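# Coordinates in review
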Amino acid sequence: QVQLVESGGGSVQAGGSLTLSCVVSGDITSRYCMGWFRQPPGKQHEGVAQITRGGTTYYGDSVKGRFSISQDNAKSTLFLQMDNLEPEDTAMYHCATDLGGSPVRHIWAGCLYRNWGQGTQVTVSS
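Quick look at the structure, then. (Residues numbered from 1 in each chain as written. Predicted model: local features only at pLDDT ≥ 70, side-chain atom pairs only at ≥ 80, totals over all residues. Heavy atoms only, no water.)

## A few points about the pairing of strand β8 (residues 77–82)
It is a general feature of regular strands that their side chains alternate between the two faces of the sheet. The line we're drawing: Pairing between two strands requires that DSSP report at least two bridges joining them. Helix numbering and strand numbering both begin at the N terminus, where a helix is a DSSP run of H or I of at least 4 residues and a strand a DSSP run of E of at least 2.
Where strand β3 (residues 18–24) and β8 come together, 6 bridges link them in antiparallel fashion. Directly across from V23, in β8, lies its bridge partner T77. The loop that links strand β7 (residues 67–72) with its antiparallel partner β8 comprises 4 residues; one of these, S76, has a positive phi angle of about 50 degrees.

## Topic: the pattern of salt bridges
Quick reminder of the rule: Each salt bridge in this description consists of a side-chain nitrogen of Lys or Arg and a carboxyl oxygen of Asp or Glu lying within 4 Å of one another. Summary of the burial criterion: residues with accessible area below 20% of their type's maximum are buried, those above 50% are exposed, and those between are partly exposed, where the area comes from a 1.4 Å probe applied to protein chains only.
Counting across every chain of the model gives 5 salt bridges. The salt bridge partner of D61 is K64, with a shortest N-O separation of 3.1 Å. K64 sits in the partly exposed class, given a relative accessible area of 49%. Two residues, D89 and R66, come together in a salt bridge whose shortest N-O distance is 2.7 Å. Of this pair, D89 sits in the loop between β8 and β9 (91–97) while R66 sits in the loop between β6 (57–59) and β7, and the two are 23 residues apart along the sequence. Here D89 matches R66 in class, with each residue buried. Each of R38, E46, R66, E86 and D89 takes part in one network of salt bridges that share partners.

Shown next, in the form of structure tokens:
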């Protein structure tokens, strides 16, 4: 049984920054992968950033150099620092993990994601 709760979304002008947080109900040390995904309006779901238990990171092509993923194991929290935001970044952002016994829902960058949060909306104006 795993729950994830995102926060930090909002509206920002192009070029601005936002930091998203995701609190996981279980001990974060039990996971292998954690990641951020997004779904822009009218677009398909896509991977944004991923970090493994060992600290290895992976980013989607569209956010490389602008977004940074990190984790605080003591607080069981995942972060996404978003800088130089663009209108194309407007989307519902979800965090996900491989924790739990649910069937695998999505595979991305070598990780098998089982549990997802409800999401937090990010809107970037031009």
